[in-house]
Amino acid sequence: MPAAQPKVAKRSETETGKVPVTHDDMANAIRFLSMDAIEKAKSGHPGAPLGMADVATVLFSKYLKFDPADAKWDDRDRFVLSAGHGSMLLYSLLYLTGYEDMTIDEIKTFRQLHSKCAGHPEYGEAAGIETTTGPLGQGITNAVGMALAEKVLNDRYGDDVVNHFTYVIAGDGCLMEGISYEAVSLAGHLGLNKLIVFWDDNSISIDGPTELTQIHDHISGFQASGWDVQCINGHDPKAVEDAIEYARNSCTPSLICCETIIGYGAPTKAGTEATHGAPLGEAEVAGARENLNWPHEPFVVPDNILNAWRKIGKRWTKEREAWKERLDNIDPWKRAEFKRVMAGQLAPGWQQALSDLKNRFANEQPKMPTRLASGEALAIFTAAFPEMIGGSADLTASVNTKARGMKDLSASDFSGRYLRYGVREHAMAGIMNGIALHGGLIPYGGTFLVFADYMRGSMRLSALMGLRVIYVLTHDSIGLGEDGPTHQPVETLASLRAIPNMHVLRPADAVETSECWAIALIQNDIPTSLVLTRQAVPAVRKTLETENMCARGAYVLMEAEAGYEERKVTLMATGSEVSIAVEARETLEAEGIPTAVVSMPCWELFDMQSERYRDMVLRPGSVRVGVEAGLVQGWERYIGENGTFVGMTGFGASAPAPTLFEHFGITAENVVAAAKARM
C-alpha cells in the first residue's frame, strides 16, 4: 500500500490566483465533484473516484486521445470504466473536459430519474460513455473486444485511419469475476498491445479487505497470460506517466497495478470498506476538504482549474482535423467503405443472393439441420459483408459458424475474420459486445443453446445497450439426443425471451433460417439469439416467397382448406416442431376439422404487429395449440383460455432424438388429441 495520505500545503487566496494549476488541483476537482454528487444523492460509491483520481488525471491530461466536440470520432482512444460503481469518476471527467451534454446540473442530479449520471455508466445516455458497466468484469472484457476491433480495422485501413489505444480502469472485483480471466487470457494470446488496464489495487472490497476472500496473485496470473505487468504508486503522477509511456510501447497488452488508497483524502475512512459503497457523510467530506485544501463550496470548481481541464478537452482537436484530412485523401472506395461500416450500414446488393438461396432451398426442399442451413446462409452474408467477424466457443464444426473462405484471425494475422474463442463462452459474449461498441464490425459467435446460461450477463447487456450482436445457439432441444438433460435446454428459450430488447429467432427449416439471418443483420440496434437444431428437419416452406415471412414474427404457413372464416383449430409452433404441427394438421383436416399451422419464429416481432394482423394469424375463437420442445412459459398469452400446450414439463433424458420426442409426447398424434380435447 502507498504511504499514508499526505496533507496538501495550503495557499492563500492571493497565492492561489498566481500559481499555475497543479496536478493535485485537477485531481481534487474530480474527487470533490464525486464526493459532492454522492453526498447530495445520499447514494453511491466514493472510494474509487477518490482513489483513482490521480491516475485518471494523468491519463486524460497527457495521453487519452479524445475530443468532446466530436465524441464519436472514429479514431479516438476508448476509455472503459470497468469498475462502473465508481461512475462519478467518469461523469466528473466528462464535465470537466467539456462534453456539452454533461453539465453541472447533470452532476447535481446523480442517480436521479432521467439524469445522464445514472448509478452506473449507461451507454447512449451521455457522450463519452463507451459502454455500460457495473456488472463487474464486463467492462474489461468489452475492452478486449474494442482493442481487437482496432487491430482488425487497422489491418484493413492502415495507421492513418485507425490507430488508437483502449484504456481500462478495473478494480479488485473486476478481477475476481471469472469472465475477466477468460478475456485476459485471450487478449494475451492475441497480443493486443494497444490494450492498457489500470488495476485499482486498493485491497478493499465491500465486505472488507480482499484477503478475506482471495490469495490469488494477479500479477503472476496476467504475466502467465502473456501480459506485461508494472506496479506503481497510483498517487504518484510521475510514476503513472512513466508506466503509461512504457505500456504504450509494449508488444503485449499491459496491466499497470496502481497501489492506491480507497477513499483517498477522507480523514477517518480512507483505506477502509466504509468508503466503498456509501456516501462519506457531511463530517467526513468536510474533513476531506480540510485535508486536501479544497475550501470551495459543493459543486464549485474554480475557474482556473476548470479552464485547465477544458483546455485538455481541446488538446486533440487539431489531430482530429488532421485525421479527417488523412481520411479524405485515401482511396475513395476505401474511404466510402470505412464510413459505411463505421456507420453500421449494410452494403447494397445482398438481397438478390438471399433470394437465390431461398429459391434453391424451396426447390430442393432439403431435410437438414437448421444449423447446417445457417452455415449456407453465412456463406452468402459473409461474402456480402466483410465487416462480419465470426467465431465459436470451441464448437466450430458443431455450430457451423465458419463460412466458406473465412480464415482464422490470429496474433500474426488480423486480416482473418474467424476467431477461435476457446471454451470461454462468457468472454466470447462480452468481447462481441466490445467489438460492436467499437464500431466497424458485426460480431457473431456460436455455442450450444444450453450454454447461453454461461453468457447471460453479457447477453443482457447486449440488449440493454441495443447492440447488433448475433448469438448462434444450436442443439436447441431434446432433439440433440444422446447428450442428455445436461445439454437439453428445456427452459432456455423462455429465459431468453424474458430479456427485453432481444430477438429470439427459432426457424423451422432452411428457408426460414436464411430469412432469420437477414433479420438479425438488418436490425442494427438489437441483439439476436438465433436458435438452431442439431437434428435434420423437413422443409415446410415449399414455395418461394419474395417477402421475408419471418420478419413479422409469425405467419400462417398453411391455412385451413376451408379458409380463415371456417378455421376451427390453430396449431402454433416454432423450429423443429413446426413439421409436427404440419403433420397434425393433415390428420385434423382429413377428419373434417379446418386447421391452420402458424410458424412463430420470433415472438418479439409478432408482438409488434398490429392487432388486426395478429388476429389474422391466430384466428380469435379457434382452438389454439402451442407446440414446442421447451417449457410452457410465455405460450399462455398466445394459447388463450381455450387453448393448450404440447411440450416439455421438466428436464429431458439421454436417448436418440426420435425416441425422446415419442417418450415426452411431442408427436403429431398428441397434438391432434390435444386439439380435439379442447373442441
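Anyway, here's the lowdown on the structure attached to this text. Note that the coordinates shown come from a computational prediction; the quantities given were computed from them, not determined experimentally.

Calculation notes
Residues numbered from 1 in each chain as written. Predicted model: local features only at pLDDT ≥ 70, side-chain atom pairs only at ≥ 80, totals over all residues. Heavy atoms only, no water. Core = buried A, V, L, I, M, F, W, Y, C linked by side-chain atoms within 4.5 Å. Buried < 20%, exposed > 50% of the residue type's maximum accessible area, 1.4 Å probe, protein only. Contact = heavy atoms within 4.5 Å. Helix = DSSP H or I, 4+ residues; strand = E, 2+ residues; numbered from the N terminus. Salt bridge = Lys/Arg side-chain N within 4 Å of Asp/Glu carboxyl O. Axes fitted to C-alpha atoms, helices over the stretch in contact; angles between N-to-C directions. Parallel < 35°, antiparallel > 145°, perpendicular 65-115°, else oblique. Left-handed = near helix turned anticlockwise from the far one by under 90°. Nonpolar A, V, L, I, M, F, W, Y, C, P; charged D, E, K, R; others polar. Pairing = 2+ DSSP bridges. Right-handed = clockwise from strand over helix to strand, strands pointing away.

## Comments concerning the nonpolar core
So, step 1. Counting 80 residues, the largest nonpolar core has Phe381, Met388, Trp517, Met600 and Val625 as the members making the most contacts within it.
So, step 2. Each residue touching methionine 388, except ones within four places of it in the same chain, is listed here: Leu378, Phe381, Thr382, Met406, Arg417, Ile442, Tyr444, Trp517 and Leu521.

## Thoughts on helix α4 (residues 87-97)
So, step 1. Of all eleven residues making up α4, eleven are buried, and the element is well covered by its neighbours.
So, step 2. Within α4, the full set of buried residues consists of Ser87, Met88, Leu89, Leu90, Tyr91, Ser92, Leu93, Leu94, Tyr95, Leu96 and Thr97.
So, step 3. Each element contacted by the buried residues of α4 is listed here: α2 (23-41), α3 (47-63), β1 (78-81), α5 (104-108), β2 (166-171) and α12 (303-313).
So, step 4. A positive phi of about 100° marks glycine 98, the residue just after α4.

## Points about the pattern of salt bridges
So, step 1. The tally for this structure, following the rule as stated, stands at 29 salt bridges.
So, step 2. Close ionic contact of arginine 289 with aspartate 36 constitutes a salt bridge, the shortest N to O distance being 3.0 Å. One end of the pair, arginine 289, is in helix α11 (residues 282-291); the other, aspartate 36, is in helix α2, with 253 residues separating them in the sequence. Aspartate 36 matches arginine 289 in its accessibility class, with the two residues each being buried.
So, step 3. With a shortest N-O distance of 2.7 Å, glutamate 515 and arginine 541 are connected by a salt bridge.

## Here's the deal with the packing of helix α6 (residues 138-157) against helix α18 (residues 425-438)
So, step 1. One can describe the packing of α6 onto α18 by two numbers: an axis separation of 6 Å at closest approach and a directional angle of 55°. Taken together, the axes of α6 and α18 lie oblique to each other. In this structure, α6 crosses over α18, and the sense of that crossing is right-handed. Note on element contacts: α18 touches α6 through His426, Ala427, Gly430, Ile431, Asn433, Gly434, Ile435, Leu437 and His438, opposite Gln138, Thr141, Asn142, Val144, Gly145, Met146, Leu148, Ala149, Glu150 and Leu153.
So, step 2. Residue composition of the contact of α6 with α18, by class: nine nonpolar, nine polar and one charged.

## Quick look at unusual backbone geometry
So, step 1. Backbone geometry at lysine 42 places phi at a positive 55°, although glycine is not the residue there.
So, step 2. Tracing the backbone shows lysine 42 in the loop between α2 and α3.
So, step 3. Of the residues examined, lysine 42 reaches a relative accessible area of 55% and is grouped as exposed.
So, step 4. Backbone geometry at asparagine 400 places phi at a positive 60°, although glycine is not the residue there.
So, step 5. Its place among the elements puts asparagine 400 in the loop between α17 (396-399) and β10 (418-420).

## Focus on the pairing of strand β14 (residues 528-531)
So, step 1. Residues Thr528 and Leu530 line one face of β14 and the alternating positions Ser529 and Val531 line the opposite face, and both faces are buried.
So, step 2. Inspection of the sheet shows strand β12 (residues 470-474) paired to β14 by four bridges, in the parallel sense. Across the sheet, tyrosine 471 pairs through a bridge with serine 529, a residue of β14.
So, step 3. Here strand β13 (residues 503-505) pairs with β14 via three bridges, running parallel. Within the sheet, the bridge partner assigned to histidine 503 lies in β14 and is threonine 528.
So, step 4. Since β13 and β14 lie parallel, the crossover through helix α21 (residues 510-522) that links them has a hand, and here it is right-handed.

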